[in-house]
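# Working through the structure, step by step
Listed below are the residues making up each chain.
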Amino acid sequence: MSNENSTREILGFYTAADEASRLRTGWFQLEQARTEELILRHLPPPPATIVDAGGGAGAYACWLATRGYQVHLIDPVPKHVEQARAASNQQPEHPLASAEVGDARHLPRGDASADAVLLLGPLYHLVEKEDRLACLREARRVLRPEGFAWGAAISRFASLLDSLSHGFFDDPAFAPVVARDLEDGQHRNPTGNPLYFTDAYLHRPGELSREFLAAGFQIVELAAIEGPGWIARDFDRLWNDPAQRERLLAVVRKVEKEPSVLGASSHIMAIGRK
């Protein structure tokens, strides 16, 4: 994490929140489906070694383990690591290789010891640029030559679009949060309302690419994860209709690299090669 205050704020937020169930609700289901799709595009065949740094409660790590990968999960939140271990125990034929409390800037792995590194949370919770670059350089260190890293970022415009589409734009307590997000990307939530998230840095799309390049990666893809699909009216009805779900996913794929649409996605994915 970055500074001490942000570290306490973020740890407190995730200790209270139920991250283990988040991806099973609402538009977060689109986030999960698209993240999995983007990961599989470039992942080497199993049993490759994957480091899931900031892997939360293990949603992606356990999914990859079931596909035959050797997955090592690291997360700074003890509750998440406990949840990941519990989820791993529920799939005894495909357990995680390890799940430990740790910091994405200091991975407990040797040089060139992993085939892939997932950074699906650290790049927005490390609110200072130097910490994000340290995280990316550490990912590159542990990757084997030609290995891939996946980094998720929150769009600079996510809070604005979220408030407009989900009905809290007119909350006067949220107005200064949006104003700062748009000004410098530093998201802070002094309201106490957990719906307004916790300390984070919100990227512009090109900024995410530049950070990967500064850490020594070649950019393979820069793609919108949800695209505009996350602000769909009546999302649950569309998602629960198999035909409409496939249509929504197809549309998101169609515009995933369109520069004028990237910032409208809640999350952006950069994929880099060592």
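Residues numbered from 1 in each chain as written. Predicted model: local features only at pLDDT ≥ 70, side-chain atom pairs only at ≥ 80, totals over all residues. Heavy atoms only, no water.

## Topic: the nonpolar core
For clarity, the threshold we go by: Think of a nonpolar core as a cluster: buried Ala, Val, Leu, Ile, Met, Phe, Trp, Tyr and Cys residues, connected wherever their side-chain atoms sit within 4.5 Å. Partly exposed residues are those whose accessible area sits between 20% and 50% of the maximum for their type, while under 20% is buried and over 50% is exposed, using a 1.4 Å probe and protein chains only. A run of H or I in DSSP counts as a helix once it spans at least four residues, and a run of E counts as a strand once it spans at least two, with each numbered from the N terminus. Here, two residues are considered to be in contact whenever any of their heavy atoms come within 4.5 Å of each other.
Grouped together as the largest cluster of nonpolar side chains are 29 residues, with contacts concentrated most on Leu-64, Leu-96 and Trp-150. When residues of this core are assigned to their parent elements, the largest contribution, six residues, is made by helix 4 (residues 59–66). Excluding residues within four positions of it along the chain, Leu-64 makes contact with Ile-39, Leu-43, Ile-50, Tyr-69, Val-71 and Leu-118. Counting residues in each nonpolar core, the second largest holds 26 residues, with Ile-74, Ala-139, Phe-217 and Ala-224 among its members.

## Considerations on unusual backbone geometry
Pro-47 follows Pro-46 through a cis peptide bond whose omega is 10°. One non-glycine residue, Glu-146, lies in positive phi territory at about 75°. Relative to the helices and strands, Glu-146 is located in strand 5 (residues 143–155). Phi angles above zero are rare outside glycine, and Asp-234 is one such case at about 55°.

## Regarding the side chain of Glu-138
Mapped onto the fold, Glu-138 is located in helix 7 (residues 129–142). For Glu-138, a relative accessible area of 12% translates into the label buried. Other than its neighbours up to four places away in sequence, Glu-138 contacts Ala-104, Arg-105, His-106 and Leu-107.

## Here we look at the domain arrangement of the chain
Stated formally: The domain boundaries here were taken from an automatic or database domain assignment. Buried area: the sum, over both parts, of the accessible surface (1.4 Å probe) that disappears when the two are put together. Salt bridge, as used here: a side-chain nitrogen of Lys or Arg that lies within 4 Å of a carboxyl oxygen of Asp or Glu. Here a polar contact is recorded for every N or O atom pair within 3.5 Å, except that within protein the pair must consist of a potential hydrogen donor and a potential acceptor, and residues adjacent in sequence are included only if both atoms are side-chain atoms. Ten residues, namely Ala, Val, Leu, Ile, Met, Phe, Trp, Tyr, Cys and Pro, are considered nonpolar, four, namely Asp, Glu, Lys and Arg, are considered charged, and the remaining ones, Gly among them, are considered polar.
Assigned domains within the chain: domain 1 (2–155 + 204–273) and domain 2 (157–202). Taking only C-alpha atoms, the centre of domain 1 and the centre of domain 2 are 22 Å apart. Contacts between domain 1 and domain 2 engage 20 residues on the former and 17 residues on the latter. Each partner contributes to the roughly 1,700 Å² buried at the junction of domain 1 and domain 2, and carbon and sulfur atoms together form 60% of this total. Seen at the junction of domain 1 and domain 2, the total is zero salt bridges. Run the count over domain 1 and domain 2 and you get seven residue pairs in polar contact (both at pLDDT 80 or more). Elements that contribute at least two residues to the side of domain 1 that touches domain 2 include exactly helix 1 (4–16), helix 6 (122–125) and strand 5. Ranked by residue count, the leading element in the side of domain 1 that touches domain 2 is helix 1, at five residues. Within the side of domain 1 that touches domain 2, the residues separate by chemical class into 11 nonpolar, five polar and four charged.

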